[in-house]
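Here's the letter readout for the chains.
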Number of protein chains: 2
Amino acid sequence: MINFRIIGNLMGVLLLIVGALMLTALPFSFYFNSGDHYALLISSGICLLTGGLLWKFKDAENTTPNIRKREGYLIVTLGWLVMSMFGMLPYLLSGAIPDVSNAFFETISGFTTTGASILNDIEATPKGILFWRSMTQWIGGMGIIVLAIAILPILGIGGMDLFLAESPGPTSDKLHPRIKETAKRLWGIYVFLTFLLTLLLLVGKMSFYDALNHALTTMATGGFSTQNSSVVDYAPFIQYVLVVFMFLAGTNFALIYFGLKGEPRKVWQSEEFRTYLFVCLFATLVITMGAYMVREVPFEQVFRDALFQVISLITTTGFVSADYTSWTPYLTVICLALMFLGASAGSTSGGIKIIRHYVMVKNGILEFKRLLHPRAIVPLTVNGKRLTPNIVTNVLVFLVLYIHVFVISTIIVSFMGLDLSTSMGAVATTLGNVGPGIGDLGPMDNFSGLPSLTKWFLSFLMLVGRLELFTVLILFTPYFWRSN
Amino acid sequence: MINFRIIGNLMGVLLLIVGALMLTALPFSFYFNSGDHYALLISSGICLLTGGLLWKFKDAENTTPNIRKREGYLIVTLGWLVMSMFGMLPYLLSGAIPDVSNAFFETISGFTTTGASILNDIEATPKGILFWRSMTQWIGGMGIIVLAIAILPILGIGGMDLFLAESPGPTSDKLHPRIKETAKRLWGIYVFLTFLLTLLLLVGKMSFYDALNHALTTMATGGFSTQNSSVVDYAPFIQYVLVVFMFLAGTNFALIYFGLKGEPRKVWQSEEFRTYLFVCLFATLVITMGAYMVREVPFEQVFRDALFQVISLITTTGFVSADYTSWTPYLTVICLALMFLGASAGSTSGGIKIIRHYVMVKNGILEFKRLLHPRAIVPLTVNGKRLTPNIVTNVLVFLVLYIHVFVISTIIVSFMGLDLSTSMGAVATTLGNVGPGIGDLGPMDNFSGLPSLTKWFLSFLMLVGRLELFTVLILFTPYFWRSN
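Residues numbered from 1 in each chain as written. Chains lettered and ligands numbered in written order. Predicted model: local features only at pLDDT ≥ 70, side-chain atom pairs only at ≥ 80, totals over all residues. Heavy atoms only, no water.

(A) Focus on the overall build of chain A. Helices and strands together make up the secondary structure of chain A, namely 21 helices and two strands. For 484 residues, the compact-globule estimate of 2.2 N^0.38 gives 23 Å, and the C-alpha radius of gyration of chain A, at 22 Å, lies within 12% of that figure. The C-alpha extent of chain A, read off along each of the three principal axes, is 70 × 70 × 50 Å. Every one of the 484 residues in chain A was classed for burial, and the buried ones make up 62%. (Helix = DSSP H or I, 4+ residues; strand = E, 2+ residues; numbered from the N terminus. Rg over C-alpha atoms; globule rule 2.2 N^0.38 Å. Buried < 20%, exposed > 50% of the residue type's maximum accessible area, 1.4 Å probe, protein only.)

This is the structure:
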């Protein structure tokens, strides 16, 4: 029996948060006199009212509800859906995005921190609405932190705790006070880094409005920009600052916590962090060399663009500093491949994540040893901890499932009329929560020209990817609905 | 310590077989007076002489050599390489293919039963040489049967025995008399079906030469044709006959044995066979429907071409009855995806194989059950047999490794100057031992225009794919060469 009362109650809480944070766009609406304050106020009112009603209907007899796994999956999936359904109200009511499929696409692209957009003229969008757009990503990033610390481990999906030698993670099946404490600390880091990035962008001579927007969407590894050309026209200083903060946003937040606490050794001990750093540097090296052979711009720009796009794609942020599909075909293939990496578990980045690739590669190499010595026990260790076969299987199943979702979705999207490259890019970028694709949906294009049905399908993929596949897909299995 | 004496001795045996079978092309050379008999005779002489010398150098003291795992991997990989190096002599000496990289590509494409060709005018090639070309595939298919029954199981790579409830498979680590018996029986089936197909093609009014050539390359799931347009111009009867025999060649030969022995229930009990049949029918249905909407030809032809290409691609034969890349983009995507299927274990087909997909999908679905019931033991059964976690891991690692080899190879090939679709197609078709690709290497094109380096790389991929990845790749790990 699924306790729908608890679920409704929690949806109420989420809507109260969404409604309240919607109001943060009001000052900008008034300051720029962008005429969208009514839309924001009414939308916020609807969220707060609905949220309040749902919240009041909570189970009075059960004051400390015990949320079980089954409800967990539903809460997470419905949570992102409900936020997106109500979060699109400002777009619709202000007329900034009058079409429902477009508005929903833009909103779920925000809450899933994807950053794929259907806006043709971002700079013409009212400033209040545009701030709300950035805020959806920041809220999404906040949600992901809770997901990684508190919820995924309970749901049995490789959360950051699995791969961190020393983590303030969960110790039992219930929401533990210690988890609350961890969440608060990591949120503190998230807020602090957002604040710090805003300051640095101000130093780089960005306006306060642009600085805050970019800070919100960088820390969420979202990638919504306030400029039509993303960050192409910004000064090198700003681009380098963004590189650093995208990298940080793709780092396990618990490691950042240890780093700030003055324990850098713990950061360096993490095999995921070292691999993440190595992969970023290696990909930058390869793309710099490849692009240097064909681009007629100074070396510094070749390097900066390569570094920026590598970090932007690996962390699944999706900011664009250069049209990476225009360099040479094989670099486009590499950029497409980078969309499948993802940064660290326990960060706001999406995609497969480095740790899963790491486990898979390490296990793949050990499999050769197992072939030669079939009677030997060859265990897999990460950070000195031996992984159980169940975890390894879960990681492998995740990867295989990811590939299957990718292939089947590419067939579906190509059936809707896109060519092979564009279809693959569209699926890779939405499933991986990156943002820009390749082909007709490259870094200089947007998703506005797609048929409505394709937009809904890609919206679904963003949700599936963001919630680590299992969370959404389990709802489509008979096991989930079988009462037991 | 690796016993190189045994390895050399076995290479000698292989060369004796190759040299002897080369002579089967002579009658055609004389009959058609195609002027290639000297090239065939000299090549055969070189093979027999080298083979004889290597064979004589066998370890006199050790009359019943005990081949160990380590030597097993080397023997299989070197075996295919040595056969290809000597098998290309007729092409070189006759001048039919004067270039070494082309000749090697064509030969390894034969022995690996891939069927990718660099010949621009197949019909102009001397008839004796062309027969040898078909014969390389048939020899390759024969080798694959031994590999599947006797060698892969010992090397720890999922052979057919793992997935067959009742199989005449190996029971110990040494080459067992029972395995010899099994190999003989399955070879008998292989020869019998080749003979039967030749007869049926003669009934279809093919010339004896063409009938025998197509029979040899069909049963090997190779796909070399004697016509420039592959089987496009043949009558529907012939195409349907080829469909049936490609399907049979993609069926586990042990099942065909049981079927012929009058035990059809054993065939039907095989979960792999049922899945194989279902996948073929389902893909045919989808492609027929899709192609019917865009092709302006009678329904029977739409259906026949769809059926033919589905069976040809799934069994990794690679015969072409229609340009499947000209129908509509999403059907091309589906055809590309079919190249990743492969037919049954224990057949002559290449690729990933249905049983691995089956294990992976079944395990993937069970993983959702495991998530909901983390303390329950949810075993995976195939044909009523419970698979050990080691086998499941091996299958998952195989798949993930396959995807990685595919992605990295696509990047390498695109770096050599091919566009994304062409690169993906070239890698998919060579790694999967299919034959034709997509893009610039589609079913109406051939591989002759590629740079030499690309041809050597694709030759390597054919070998890696044919020998089930592990066999070749293990030679590149330190574990293999570490004396222990």
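Moving on from the model shown.
(B) Quick look at the relation of the copies chain B and chain A. Placing chain B over chain A gives an RMSD of 0.0 Å and needs a rotation angle of 180 degrees, together with 0.0 Å of translation along the axis. Such a turn and shift between the copies fits a two-fold axis. Most of the interface of chain B is mirrored in chain A, where 98% of its interface residues are also at the interface. (Least-squares fit on C-alpha atoms with pLDDT ≥ 70 in both. Contact = heavy atoms within 4.5 Å.)

(C) Fine view of the interface of chain B and chain A. At the junction of the two partners, chain B supplies 48 residues and chain A supplies 47 residues. For the pair chain B and chain A, the two sides together bury roughly 4,400 Å², of which 79% comes from carbon and sulfur. Inspection of the region where chain B meets chain A yields zero salt bridges. For the pair chain B and chain A, the number of links is two residue pairs in polar contact (both at pLDDT 80 or more). Every element with two or more residues in the side of chain B that touches chain A is listed here: helix H4 (69-87), helix H15 (329-338), helix H16 (354-372), helix H17 (389-415), helix H18 (420-431), helix H20 (470-473) and helix H21 (478-481) of chain B. Here the residues of the side of chain B that touches chain A sort into 32 nonpolar, twelve polar and four charged. (Buried area = accessible area lost by both parts, 1.4 Å probe. Salt bridge = Lys/Arg side-chain N within 4 Å of Asp/Glu carboxyl O. Polar contact = N/O pair within 3.5 Å; in protein donor to acceptor, adjacent residues only side chain to side chain. Nonpolar A, V, L, I, M, F, W, Y, C, P; charged D, E, K, R; others polar.)

(D) View of the domain arrangement of chain A. Residues and elements named next belong to chain A. The domain architecture assigned to chain A consists of domain 1 (1-166) and domain 2 (177-405). Spacing between the C-alpha centres of domain 1 and domain 2 amounts to 24 Å. Of the residues lining the interface, 41 residues belong to domain 1; the matching set on domain 2 comes to 45 residues. Interface of domain 1 and domain 2: buried area, both sides summed, is about 3,500 Å²; carbon and sulfur atoms make up 67% of it. The interface formed by domain 1 and domain 2 holds zero salt bridges in total. (Domains from an automatic or database assignment.)

(E) Inspection of the environment of Asn 213 of chain B at higher detail. Residues and elements named next belong to chain B. Mapped onto the fold, Asn 213 is located in helix H9 (residues 208-219). Taking relative accessible area as the criterion, Asn 213 reaches 1% and is therefore assigned buried. In contact with Asn 213, not counting residues within four places along its chain, are Leu 130, Phe 131, Ser 134 and Thr 226.

(F) Molecular detail of a nonpolar patch on the surface. All names here are of chain A. On the surface, a cluster of nonpolar side chains totalling about 400 Å² of accessible area is made up of Tyr 38, Ile 42, Ile 46 and Leu 93. Broken down by element, the residue count for the nonpolar patch peaks at three residues, all from helix H3 (residues 37-56). A relative accessible area of 44% places Leu 93 in the partly exposed class. (Patch = residues over 30% accessible without salt bridge, like charges linked within 9 Å, V, L, I, M, F, W, Y side chains within 5 Å. Areas by Shrake-Rupley, 256 points an atom, 1.4 Å probe, with all protein chains shown as cover.)

(G) Looking closely at the pattern of salt bridges. By the definition in use, this model includes 18 salt bridges over all chains. Two residues, Glu 106 of chain A and Arg 133 of chain A, come together in a salt bridge whose shortest N-O distance is 2.6 Å. Of this pair, Glu 106 of chain A sits in helix H6 (residues 100-111) while Arg 133 of chain A sits in helix H7 (residues 127-155), and the two are 27 residues apart along the sequence. On the basis of relative accessible area, Glu 106 of chain A is assigned to the buried category, the value being 0%. The salt bridge partner of Lys 266 of chain B is Glu 263 of chain B, with a shortest N-O separation of 2.7 Å. Lys 266 of chain B sits in the buried class, given a relative accessible area of 19%.

(H) Quick look at the packing of H4 of chain B against helix H6 (residues 100-111) of chain B. Residues and elements named next belong to chain B. Close contact between H4 and H6 brings their axes to 8 Å; oriented N to C, the two are set at 130 degrees. Here H6 runs oblique to H4, going by the angle between their axes. Where H4 crosses over H6, the two elements pack in a sense that is right-handed. Residue-level inspection shows Trp 80, Leu 81, Met 83, Ser 84, Met 85 and Gly 87 of H4 in contact with H6, the latter providing Phe 104, Thr 107, Ile 108 and Phe 111. (Axes fitted to C-alpha atoms, helices over the stretch in contact; angles between N-to-C directions. Parallel < 35°, antiparallel > 145°, perpendicular 65-115°, else oblique. Left-handed = near helix turned anticlockwise from the far one by under 90°.)

(I) The arrangement of the packing of aromatic side chains in detail. All names here are of chain A. Taken as a whole, this structure holds 49 aromatic pairs over all chains when the rule is applied. Between Tyr 31 and Phe 32 the ring centres are 5.0 Å apart and the planes differ by 90 degrees, which places this aromatic pair in the edge-to-face class. Overall, Phe 32 belongs to the partly exposed group, its relative accessible area being 32%. Taking 4.9 Å as the distance between ring centres and 90 degrees as the angle between the ring planes, the aromatic pair formed by Phe 340 and Phe 406 counts as edge-to-face. You can see Phe 340 sitting in the loop between helix H15 (329-338) and helix H16 (354-372) and its partner Phe 406 sitting in helix H17 (residues 389-415), a full 66 residues away along the chain. By the burial criterion, Phe 340 is buried, and Phe 406 matches it. Within the aromatic cluster, the residues linked to one another by ring pairs are Phe 28, Tyr 31, Phe 32, Phe 131, Phe 208 and Tyr 209. (Phe/Tyr/Trp six-rings, centres within 6.5 Å; stacked < 30°, edge-to-face > 60°.)

(J) Quick peek at helix H14 (residues 299-314) of chain B. All names here are of chain B. Here H14 is 16 residues long and its end C-alpha atoms lie 22 Å apart, about the 22 Å a rise of 1.5 Å per residue gives. Within H14, twelve of the 16 residues are buried, which leaves it mostly tucked inside the rest of the structure. Buried within H14 we find Val 302, Arg 304, Asp 305, Ala 306, Leu 307, Phe 308, Gln 309, Val 310, Ile 311, Ser 312, Leu 313 and Ile 314. (Expected span 1.5 Å × (residues − 1).)

(K) Structural detail: the confidence of the model for chain A. Residue and element names in this part refer to chain A. Across chain A, the average pLDDT comes to 89, with 93% of residues at or above 70. Note that residues 164-175 has pLDDT below 50 and, in this model, 26 contacts with residues that lie over four places away or in other chains. Reported confidences for the modelled complex are a pTM of 0.91 and an ipTM of 0.89. (pLDDT = per-residue confidence, 0-100.)

(L) Molecular detail of the packing of H4 of chain B against helix H7 (residues 127-155) of chain B. Residue and element names in this part refer to chain B. Where H4 contacts H7, the axes come no closer than 12 Å and their chain directions differ by 180 degrees. With respect to H7, the axis of H4 lies roughly antiparallel. Two secondary-structure elements touch here, H4 through Lys 69, Gly 72, Tyr 73, Val 76, Trp 80, Met 83 and Gly 87 and H7 through Trp 132, Ile 139, Gly 140, Gly 143, Ile 144, Leu 147, Ile 151, Ile 154 and Leu 155. Here the residues of the contact of H4 with H7 are counted per class, giving eleven nonpolar, four polar and one charged.

(M) Highlighting H3 of chain A. Residue and element names in this part refer to chain A. An ideal rise of 1.5 Å per residue puts 28 Å on 20 residues; H3 measures up with 28 Å between its terminal C-alpha atoms. All of the buried residues in H3 are His 37, Ala 39, Leu 40, Ser 43, Ser 44, Cys 47, Gly 51 and Gly 52. Check the buried side of H3 and you find it contacts helix H1 (4-22), helix H2 (26-32), helix H4 (69-87), helix H5 (89-94) and H7.

(N) Summary view of the environment of Leu 255 of chain A. Inspection of the secondary structure assignment puts Leu 255 of chain A in helix H11 (residues 253-260). Using a relative accessible area of 4% as the deciding quantity, one classes Leu 255 of chain A as buried.

(O) Quick peek at unusual backbone geometry. All names here are of chain A. Notably, Lys 205 is not glycine yet its phi reads approximately 70 degrees, a positive angle. As for its position among the elements, Lys 205 is in the loop between helix H8 (177-203) and helix H9 (208-219). The backbone of Glu 468 sits at a positive phi, close to 60 degrees, despite the residue not being glycine. Position of Glu 468 relative to the elements: it lies in the loop between helix H19 (452-466) and helix H20 (470-473).

(P) Quick look at the side chain of Arg 370 of chain B. Residues and elements named next belong to chain B. Relative to the helices and strands, Arg 370 is located in helix H16. Polar side-chain contacts of Arg 370 include one of 2.8 Å to the side chain of Glu 367. Apart from residues lying up to four places away in sequence, Arg 370 is in contact with Asn 363 and Val 378.

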